[in-house]
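What follows is each chain in one-letter form.
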Amino acid sequence: MPDAFPSDAPGPLAAPGADAGMNDSAWQIEEASLVLVEATLDAMAALGSLSVTRLRVLLAVDRHGPMNLSSLAERLGMSLSAAGRVVDRLAEAGLLSREPAPHSRREIRIQVTPEGREVLERLRAVRRRRIGQALDRLEPADRATLFRMLLQLTNAADQ
């Protein structure tokens, strides 16, 4: 399981000045991304029904699923039993479904239900409103540059 709090040793997550250039950029982007984290937490509070762990699982299945339990646990750095418990709770809430995989009756495929998509859409709508308010304060050319650069960053992070 990955370390939840990496050390402060020089590297990609080190503070500015530890290794100029890349680390300064990573630090600045991380600071800016806290606005998005805050928007997510505010949206979660407004919905009131999902813990951070449950939201992580729901988002992972929505973005990368359908998937089996071991793939989910590996993707999130969770134990199989912990991931299974969270999936159970989300399935009981009607947000995830578990069905036999088409290629193997022994493997269970986990996917987001329509109810789960509705919860995620409500969460994303709150986030989009907050992000939209900030974007409205930018010049159109700056918004276009920001969009292009965030797309490149997202693609690089997904590799």
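Residues numbered from 1 in each chain as written. Predicted model: local features only at pLDDT ≥ 70, side-chain atom pairs only at ≥ 80, totals over all residues. Heavy atoms only, no water.

Draft legend 1. Representation of the packing of helix α2 (residues 52-64) against helix α3 (residues 69-76) in the model. Closest axis-to-axis distance for the α2/α3 pair is 11 Å, and the angle between their directions is 115°. Looking at the two axes, α2 sits roughly perpendicular to α3. Viewed along their axes, α2 and α3 form a crossing whose handedness is right-handed. Across the interface between the two elements, Arg56, Val57, Ala60, Val61 and His64 of α2 pack against Leu72, Arg75 and Leu76 of α3. Residue classes in the contact of α2 with α3 are distributed as 5 nonpolar, 1 polar and 2 charged. (Axes fitted to C-alpha atoms, helices over the stretch in contact; angles between N-to-C directions. Helix = DSSP H or I, 4+ residues; strand = E, 2+ residues; numbered from the N terminus. Parallel < 35°, antiparallel > 145°, perpendicular 65-115°, else oblique. Left-handed = near helix turned anticlockwise from the far one by under 90°. Contact = heavy atoms within 4.5 Å. Nonpolar A, V, L, I, M, F, W, Y, C, P; charged D, E, K, R; others polar.)

Draft legend 2. Looking closely at α2. Over its 13 residues, α2 extends 18 Å from the first C-alpha to the last, a length consistent with the 18 Å expected when each residue adds 1.5 Å. Those residues of α2 that fall on the buried side of the exposure criterion are Leu55, Val57, Leu58, Ala60 and Val61. (Expected span 1.5 Å × (residues − 1). Buried < 20%, exposed > 50% of the residue type's maximum accessible area, 1.4 Å probe, protein only.)

Keep in mind these values describe shape, not function.
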